[in-house]
Amino acid sequence: MHSLRPAMTASVSPPVRPRLESIQVLRGLAALLVVLLHLSVAERKYGDPEQLLLPLLTIGNAGVDLFFVISGFVMVVSTRGRWGQAAQVVPFWTRRALRIYPVYWVYLALVALVCVVQPGWVNAASGAPPGPWASILLWPTGQVHLVMVAWTLEYELFFYLLFGALMVVPPRYFAAVLLAVLGGLVVLGAAWGPTAPALRVATSALLLEFGAGVVLGLAYVRGPPPEGRAWLGPLAAGMGAALLLVQALGLEWPALLGLGGTDFDRPVGYGGPAALLVYGFVRGEQQTRRSWPRLLTRLGDASYTLYLSHILVLAAVGRLWRLAGLDAWVPPVVLVGVLLSACVVFAWVAYVWVEAPLMRWLAPLGRAKRTPSAPPTPP
């Protein structure tokens, strides 16, 4: 795939950016990892109390971290050419809000309906009532969300808020300022230890994962590495997968670095391997220009719906399974296959019939008027 470095000619609009299939595949992988993590809970609840089959599915913890790294990468690649333009700030925020909230509100409404009918079915394990306004606005309040996985969207939205605010910085300095601010916030959080939920999000060590994605995005737009280094991509992806497997086996290697039990345990233990996977997949596509199977890219298309809907699907199918008495005589491995298949099939159908039409309908609201500008300075 060709480099995304813009041509050094005057233009009234940013360069057209090709779709990176590897990023779509990684989005699908990230969503599947989160599904697998919650599958381990569903197996124990609806099938095998001893959970003999799925102890390794704690590797699913890495799904969220992979999403964060991807977000940093995609924001750099998709907005380059708009840095230094104050007129782009509000349209950027608008597009990000339209991408996050409408589809999320669809599943929030479904969960709220379940909560009205059977309150004990929604976040029952948390032992605390969900916060309705926190759930609607995704503002950090410390309360649990009606949609259990929505806590991650608080971090996504903060990163988008910060990224958009800094788009007024001249292109030459934008990336350096963004990385400096992210790093400064993490240092502040580590030194200060704020207790207010919103400040904890704004100074979390998880921001390092977005920063890693930003660095990878900058490396990507500079083009592929010199000839003869094609081995870098597969090596990075292999190392990332190996480190995640080590974590899943219970060998928490960040503890060897003195980070066990600290705020940096997760960004290093899961965010580091996630960054290696992103680098490996993207570099591989950039150097070989090979296409991924369409099934995998389509899973990536439906990844947001899969992420938001899978707990509802797991709970519904699991309860039906137990109600039918299948847990008494059908092997748990069958239940796992049924649950995973149901999540994926539901996500694809809901993407085709709900998410995609909704995004097409809302797309005009996020379009910014183009203004003539000089070509961006390479970072």
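## Focus: the packing of helix α6 (residues 171-192) against helix α8 (residues 207-221)
Phase 1: Their axes nearest at 9 Å, the elements α6 and α8 cross at an angle of 160°. Between α6 and α8, the interaxial angle falls into the category roughly antiparallel. Of the two elements, α6 crosses α8, and the hand of that crossing is left-handed. Of the residues in α8, those in contact with A175, L178, L179, L182, L185 and V186 of α6 are L207, L208, G211, V214, V215 and L218.
Phase 2: Here the contact of α6 with α8 is built from residues that sort into 11 nonpolar, one polar and no charged.

## Focus: α6
Phase 1: With 22 residues, α6 ought to run about 32 Å at 1.5 Å a step, and its terminal C-alpha atoms sit 31 Å apart, in line with that.
Phase 2: Turning to α6, its buried residues are P171, F174, A175, L178, L182, L185, V186 and G189.
Phase 3: Those residues of α6 hidden inside the fold are in contact with α5 (151-165), α7 (197-202) and α8.
Phase 4: Looking one or two residues past α6, G193 carries a phi angle of roughly 65°, positive in sign.

## Here's the deal with unusual backbone geometry
Phase 1: Backbone geometry places L138, a non-glycine residue, at a positive phi of 60°.
Phase 2: In this fold, L138 is placed in the loop between α4 (132-137) and α5.

## Thoughts on the confidence of the model for the protein chain
Phase 1: Scored by pLDDT, the protein chain comes out at a mean of 86, with 87% of its residues at no less than 70.
Phase 2: Summarising per-element confidence for the protein chain, the mean pLDDT is lowest in α4 (88) and highest in α5 (98).
Phase 3: Contacts of residues 1-17 to residues separated by more than four positions or lying in other chains number 44 contacts, the stretch itself having pLDDT below 50.
Phase 4: Confidence over residues 371-379 falls short of pLDDT 50; this stretch has 20 contacts with residues more than four positions distant or in other chains.

## Let's talk about the packing of helix α2 (residues 62-79) against helix α10 (residues 265-288)
Phase 1: Interaxial distance between α2 and α10 falls to 8 Å at its minimum, and their mutual angle equals 55°. What the angle tells us is that α2 and α10 run oblique. The way α2 lies across α10 gives a crossing that is right-handed. Contact with α2, carried on its side by A62, V64, D65, L66, V69, I70 and F73, involves R266, Y270, G271, A274, A275, V278 and V282 of α10 and no other residues of that element.

## Considering helix α3 (residues 89-117)
Phase 1: A rise of 1.5 Å per residue sets the reference length of α3, with its 29 residues, at 42 Å; its end C-alpha atoms lie 42 Å apart and thus fit the reference within 8%.
Phase 2: By the largest-angle criterion, W105 marks the main kink of α3, which is about 30°.

## Observations regarding the side chain of E154
Phase 1: The residue E154 is located in helix α5 in this model.
Phase 2: Although E154 is buried, it forms no salt bridge, and the closest oppositely charged side chain is R200 at an N-O distance of 8.0 Å.
Phase 3: Ignoring any residue separated from it by four or fewer positions in sequence, one finds E154 in contact with L138, W139, P140, H145 and V201.

## Considering the packing of aromatic side chains
Phase 1: Per the counting criterion, the structure on display carries 14 aromatic pairs.
Phase 2: Relative to Y160, the ring of F159 lies with its centre 6.2 Å away and its plane at 50°, an arrangement referred to as tilted.
Phase 3: For F159, a relative accessible area of 0% corresponds to the buried category.
Phase 4: An aromatic cluster of at least three residues, connected via ring pairs, comprises F68, W83, F92, W151, Y155, F159, Y160, F163, F174 and F210.
Phase 5: The cationic tip of R96 hangs over the ring face of Y160; the distance from NZ or CZ to the ring centre is 5.2 Å.

Conventions we followed
Residues numbered from 1 in each chain as written. Predicted model: local features only at pLDDT ≥ 70, side-chain atom pairs only at ≥ 80, totals over all residues. Heavy atoms only, no water. Axes fitted to C-alpha atoms, helices over the stretch in contact; angles between N-to-C directions. Helix = DSSP H or I, 4+ residues; strand = E, 2+ residues; numbered from the N terminus. Parallel < 35°, antiparallel > 145°, perpendicular 65-115°, else oblique. Left-handed = near helix turned anticlockwise from the far one by under 90°. Contact = heavy atoms within 4.5 Å. Nonpolar A, V, L, I, M, F, W, Y, C, P; charged D, E, K, R; others polar. Expected span 1.5 Å × (residues − 1). Buried < 20%, exposed > 50% of the residue type's maximum accessible area, 1.4 Å probe, protein only. pLDDT = per-residue confidence, 0-100. Bend = angle between axes of the 7 residues up to and from the residue. Lys, Arg positive; Asp, Glu negative; His and termini not counted. Salt bridge = Lys/Arg side-chain N within 4 Å of Asp/Glu carboxyl O. Phe/Tyr/Trp six-rings, centres within 6.5 Å; stacked < 30°, edge-to-face > 60°. Lys NZ or Arg CZ within 6 Å of the ring centre and 35° of its normal.

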